[in-house]
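# Observations on the model geometry
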Amino acid sequence: MNSRVYNFSASPSMLPEPVLKRAAEEMLNYQGSGQSVMEMSHRSKIFDSIIVGCESLLREVLNIPSNYKVLFLQGGASSQFAMVPLNLMNKNHKADFIITGQWANKAYKEAARYGNARIVASSKDKTFTYIPKTSRADFDPEADYAYICLNNTIYGTKYPELPDTGDVPLVADVSSCILSEPLDVSKFGLVFAGAQKNMGPAGLTVVIVREDLIGNAQEITPTMFNYATHAEKNSLFNTPPCYSIYMCKLVLEWLKNLGGLKAMAKINHKKADILYGFLDQSKLFHGTVVKEDRSLMNVPFVTGSDEMDAKAVKAAEAEGFVNIKGHRTVGGLRASIYNAMPTEGVEKLVDFLRRFEKENA
Ligand SMILES: *Cc1c(COP(=O)(O)O)cnc(C)c1O
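Notes on the structure in this doc start here. Please read these numbers as outputs of a predicted model, since none were measured by experiment.

Conventions and cut-offs
- Residues numbered from 1 in each chain as written.
- Predicted model: local features only at pLDDT ≥ 70, side-chain atom pairs only at ≥ 80, totals over all residues.
- Heavy atoms only, no water.
- Pairing = 2+ DSSP bridges.
- Helix = DSSP H or I, 4+ residues; strand = E, 2+ residues; numbered from the N terminus.
- Axes fitted to C-alpha atoms, helices over the stretch in contact; angles between N-to-C directions.
- Contact = heavy atoms within 4.5 Å.
- Near = heavy atom within 4 Å.
- Polar contact = N/O pair within 3.5 Å; in protein donor to acceptor, adjacent residues only side chain to side chain.
- Areas by Shrake-Rupley, 256 points an atom, 1.4 Å probe, with all protein chains shown as cover.
- Buried < 20%, exposed > 50% of the residue type's maximum accessible area, 1.4 Å probe, protein only.
- Right-handed = clockwise from strand over helix to strand, strands pointing away.

### Thoughts on the sheet that holds strand β4 (residues 116–122)
If you trace the seven strands from one edge of the open sheet to the other, you get β2-β10-β9-β8-β5-β3-β4, paired in mixed fashion. Each having just a single partner strand, β2 (68–73) and β4 make up the two edges of the open sheet. Between one strand axis and the next, the sheet turns by 20 degrees as a mean value, whatever way the strands run. Running at roughly 160 degrees to strand β9 (residues 190–194), helix α3 (residues 76–88) makes contact with β2, β5 (145–149), β8 (170–173), β9 and β10 (205–210) of the sheet. Helix α4 (residues 102–111) contacts β3 (94–99), β4, β5 and β8 of the sheet and is inclined by roughly 160 degrees relative to β3.

Right, here's the structure in full:
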């Protein structure tokens, strides 16, 4: 068997090795059922223990208040760009957006199809290298919700603190930061995440939504896009992404055994400090984001020369540091260091970058 690479992909990304091993062990015969989780009925008792177990673990690890529903959906985070306005833009048909990159912009454009979407602030003027500052007065008190992308996967920024939206419910795309550190869910009306960054394999989208925001979807909302449909049936209205839910449960068990989100945050801060610490003193590489808004999960950096960037990407790949090429709109390199990236992977990457810098000085 080939040894595993350090995969710095923005997504799908690495999964914890103990999780993959456990899944492999249970592949042919899940807990004496004589079947793989991929083969069993989603209405069976045994699968029920998986989906119920996954939800209760997520509630425990994320400390989700009891007046929030957890929904296990499909369609990716991108489907939420439509589902959120269809379900929540239902009183004054207005929503406020902060544009911090492509994902927030896609959400804004989609919402504009279903109501009055307004841009409150944007960091487009500086290629999304910072998080715009806002105050309560910037938000329309009549907006049905205010929308942010909490961690910007492409540009490597993260809100250092949440915007104050007053009584307007805050909705956040947390696809690339969920489970990376504690999150106070009670500060939000709704958060959602595609699983393929920090929760499990692709195919599962998790929505955590305050109960009072469910049940008033716009008339045109397709049944499958109505949160009430899934909330009423505990995510079993139709076939859920069974195997991804099972994998997510294994990831949550791994996270809980590690000490939960406080312990995870400590590890993630250590990893980020190692990488940013190197970048801050490097004469060849530098980070692209203002210091106070740096992401814990996605670290873009450049040399300033496209040829040198390409050379570094190629040399990195040759040493087993894969998928480290930057997004085409930023260029350079991007190391996504999600939960499953071991500290050792970041240390070895920095050793490599240091060597590369010396050889190319
Ligand atoms: C990856 C990502 C998405 C897109 O997720 P899909 O599941 O592919 O639709 C949306 N928002 C953020 C912040 C992301 O990182």
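Don't stop here, the text continues.
### Examining the site of the ligand
Taken together, 13 residues surround the ligand, and among them Ser78, Thr153, Asp173, Gln196 and Lys197 come closest. Take Ala77: an N or O atom from its main chain is 3.0 Å from an oxygen atom of the ligand. Between Asp173 and the ligand, the recorded distance is 2.6 Å, taken from a side-chain N or O atom to a nitrogen atom. Protein chains shield 87% of the accessible area of the ligand, which is 390 Å² for the free molecule.

### Structural notes on the pairing of β3
For a regular strand, side chains alternate in direction, first toward one face of the sheet and then toward the other. With five of six residues buried, β3 is to be regarded as a mostly interior element. Sheet analysis places β3 next to β4, joined by six bridges and oriented parallel. By the bridge assignment for β4, Phe97 is matched with Ile119. Once you follow β3 into α4 and on to β4, the crossover reads as right-handed. Pairing between β3 and β5: three bridges, direction parallel. Residue Phe97 lies in a different strand from β5, and its bridge partner there is Tyr147.

Distances and angles like these do not, on their own, reveal function.
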